[in-house]
Amino acid sequence: MTATRPPAIEVEFPDLGRWRPGNTGIPYVWRFVAERAGPRVTIQALTHGNEVCGAICNDWLLREQVRPVRGTLTLTFANVEAFSAFDPADPYASRCVDEDFNRLWTAEVLDGGRATRDLARARALRPVYDHTDYLLDLHSMTDPCPPLALAGRQRKGLELAHAVGVPEHIVIDAGHAAGKRLRDYGAFDDPVDPRNALLIECGQHWERAAPAVAKQAALRFLRHFGMAEPALLEAHLDPSPPPAQRAIQVTDIVTIESDEFEFVQPVAGLAIVSKAGSLLARDGKREVHTPYDDAVLIMPTRRPRKGETAVRIGRFVS
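Residues numbered from 1 in each chain as written. Predicted model: local features only at pLDDT ≥ 70, side-chain atom pairs only at ≥ 80, totals over all residues. Heavy atoms only, no water.

Per the stated rule, a full pass over the model turns up zero disulfides. Between C53, a free cysteine, and C202, which holds the nearest cysteine sulfur, the sulfur-to-sulfur gap is 4.0 Å. Looking at C53, the relative accessible area reads 0%, which means it is buried. Unpaired in terms of disulfides, C57 finds its nearest cysteine sulfur in C202, a separation of 7.9 Å. Of the residues examined, C57 reaches a relative accessible area of 2% and is grouped as buried. (Disulfide = S-S within 2.5 Å. Buried < 20%, exposed > 50% of the residue type's maximum accessible area, 1.4 Å probe, protein only.)

Attention shifts here to the pattern of salt bridges. When the charged atoms of two side chains lie near each other, side chains of opposite charge can form a pair. Throughout the structure, instances matching the rule amount to 20 salt bridges. Put simply, R95 and D100 hold a salt bridge, and the shortest N to O gap is 3.0 Å. Accessibility expressed as a relative area gives 15% for D100, which makes it buried. Residues participating in the shared-partner salt-bridge network are D173, R181, R183, D184 and R312. (Salt bridge = Lys/Arg side-chain N within 4 Å of Asp/Glu carboxyl O.)

The next thing to look at is the layout of surface pockets. The computed volume of the largest pocket comes to approximately 860 Å³. Around the largest pocket, the lining is made up of 37 residues, and of these R95, D100, R103, T142 and E308 lie nearest the centre. Of all the elements in the fold, those that place two or more residues in the lining of the largest pocket are β4 (134-141), β7 (196-204) and β14 (309-317). The element contributing the most residues to the lining of the largest pocket is β4, with three residues. A per-class count over the lining of the largest pocket returns twelve nonpolar, eleven polar and 14 charged. (1 Å grid on protein atoms, 1.4 Å probe; cavity = no way out; pocket = protein on both sides within 12 Å on 5 of 7 lines; lining within 4 Å. Points joined across faces, edges and corners; volume = space filled by probe spheres on them. Helix = DSSP H or I, 4+ residues; strand = E, 2+ residues; numbered from the N terminus. Nonpolar A, V, L, I, M, F, W, Y, C, P; charged D, E, K, R; others polar.)

Right, let's talk about the confidence of the model for the protein for a bit. Residue-level pLDDT values for the protein average 96, and 99% of them are 70 or greater. Taking the mean pLDDT of every element in the protein, the minimum, 95, falls on β14 and the maximum, 99, on strand β3 (residues 72-77). (pLDDT = per-residue confidence, 0-100.)

Across all of its chains, the model carries twelve aromatic pairs by this definition. Note on F13 and F83: the rings are 5.7 Å apart at their centroids and 15° apart in plane angle, and the pair reads as stacked. Of the two residues, F13 is situated in the segment before β1 (29-33) and F83 in helix α2 (residues 80-84); the sequence distance between them amounts to 70 residues. In textbook terms, an aromatic cluster arises when at least three aromatic residues are bridged by ring pairs, as seen for F13, F83, F86, Y92 and W206. Sitting above the plane of the F32 ring, R67 keeps its charged end 3.8 Å from the centroid. One Lys or Arg, R315, reaches over the ring of Y292 and ends 3.8 Å from the middle of that ring. (Phe/Tyr/Trp six-rings, centres within 6.5 Å; stacked < 30°, edge-to-face > 60°. Lys NZ or Arg CZ within 6 Å of the ring centre and 35° of its normal.)

Helix α6 (residues 210-224) packs onto helix α5 (residues 155-164) with a crossing angle of 105° between their chain directions and a minimal axis gap of 9 Å. Regarding the angle of α5 to α6, the classification is roughly perpendicular. Across the interface between the two elements, L160, A163 and V164 from α5 touch A217, R220, F221 and H224 from α6. Of the residues belonging to the contact of α5 with α6, the class tally is five nonpolar, one polar and one charged. (Axes fitted to C-alpha atoms, helices over the stretch in contact; angles between N-to-C directions. Parallel < 35°, antiparallel > 145°, perpendicular 65-115°, else oblique. Contact = heavy atoms within 4.5 Å.)

Take L136: it is sitting in strand β4. Sequence spacing of L136 and I200 is 64 residues, and the spatial spacing of their C-alpha atoms is 7.5 Å. Ignoring sequence-local partners within four residues, the contact set of L136 consists of T42, I43, Q44, L198, I200, A217, A218 and F221.

This part takes up the nonpolar core. Judged by nonpolar contacts, the single largest core of 55 residues is most densely connected at V41, I43, F77, L198 and F221. Considering each element in turn, this core owes the most residues, seven residues, to α6. Residues within four places of L198 in sequence aside, it is in contact with L135, L136, D137, A149, L150, A151, G157, L160, A161, V164, R183 and F221. Ranked by size, the runner-up nonpolar core spans 18 residues in total, among them W105, L119, Y129 and Y185. (Core = buried A, V, L, I, M, F, W, Y, C linked by side-chain atoms within 4.5 Å.)

For strand β2 (residues 40-45), the tally of buried residues reaches five of six residues, placing the bulk of the element in the interior. You can see the chain leave β2, run along helix α1 (residues 53-63) and come back into β3, and the turn it takes is right-handed. The sheet contact formed by β2 and β4 spans four bridges and is parallel. Bridging across to β4, T42 finds its partner in L135. (Right-handed = clockwise from strand over helix to strand, strands pointing away. Pairing = 2+ DSSP bridges.)

So, on to unusual backbone geometry. Keep in mind that most residues, glycine aside, have a negative phi and that most peptide bonds are trans. That bond from V166 to P167 is cis: its omega, -5°, falls within 30 degrees of zero. A positive phi is found at Y28, a non-glycine position, where the angle reads about 65°. With respect to the helices and strands, the residue Y28 is situated in the segment before β1. The phi dihedral of L270 is positive, around 70°, even though this residue is not glycine.

The end-to-end C-alpha distance of helix α4 (residues 117-130) is 20 Å, a good match for the 20 Å that 14 residues give at a rise of 1.5 Å each. The largest bend in α4 comes to about 40°, at A124, with the proline P127 one to four residues further on. D118, L119, R121, A122, L125, R126, V128 and Y129 are the residues of α4 that are buried. The inward-facing, buried residues of α4 abut β1, β2, β3 and α3 (107-110). (Expected span 1.5 Å × (residues − 1). Bend = angle between axes of the 7 residues up to and from the residue.)

Put into structure tokens, the structure is as follows:
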């Protein structure tokens, strides 16, 4: 397996110590309730500790004292222990502490006997998500790639992505073989339950543009649910109309089966491989070929690891 030099770190990491007390009894969780009834919305940062754009966004919302005009707004910094361990010399290591926080979201795992620090934090935060109607989970990506909205596999997720209106590309997928994402936890993945979640990949982890994408997504999320002060939107929401959105249906998930995985051609996020049957990667003795013409590559990994997703393959759909 091969790895390349990490991209430059172009953003400053916020000092989150001031937000540690929270106001919910859970460290780093803040909740604000309007007088008018309305939905319970949660905006989440730091599902992964080195994905700083969401932390910058939630730090800004708290410093600006943003409050909902109706309903309940909860702002969370999830895996702060991983975030606190960030080392610019090894910037990928602080994705998690012991295991991926975003692969734990089934009752079997949460109620099971395994004990890790990431799982302990997930269990502590579980009541927050159980009492959330609409979740915005702010992420970023290892390699440079246009921002992506991950809408899950239910139609309601796609509808929410369209209602928010950004980013341009929406991915329809069921997640990873290694474990269930928070975006797909419980009611969020139930087609008949109105509760819903949207995961937005705001760009490369440390690129200068990613925090702005997170901020615009958060403002649009609050606007969609009628929770934002008009003055806040007027002051900070980008007035330019965003590009028309395009949806990509994931059909194939390439899970790494050996310690000898490697791509055999250059890959990049949203790259299109024009010809069906093109050799994409070798995984030990297994060859990975594109399943159809104009196959779109979704978030190919920079750091291949056995058991994890190497790439998702999809096609543009109406």
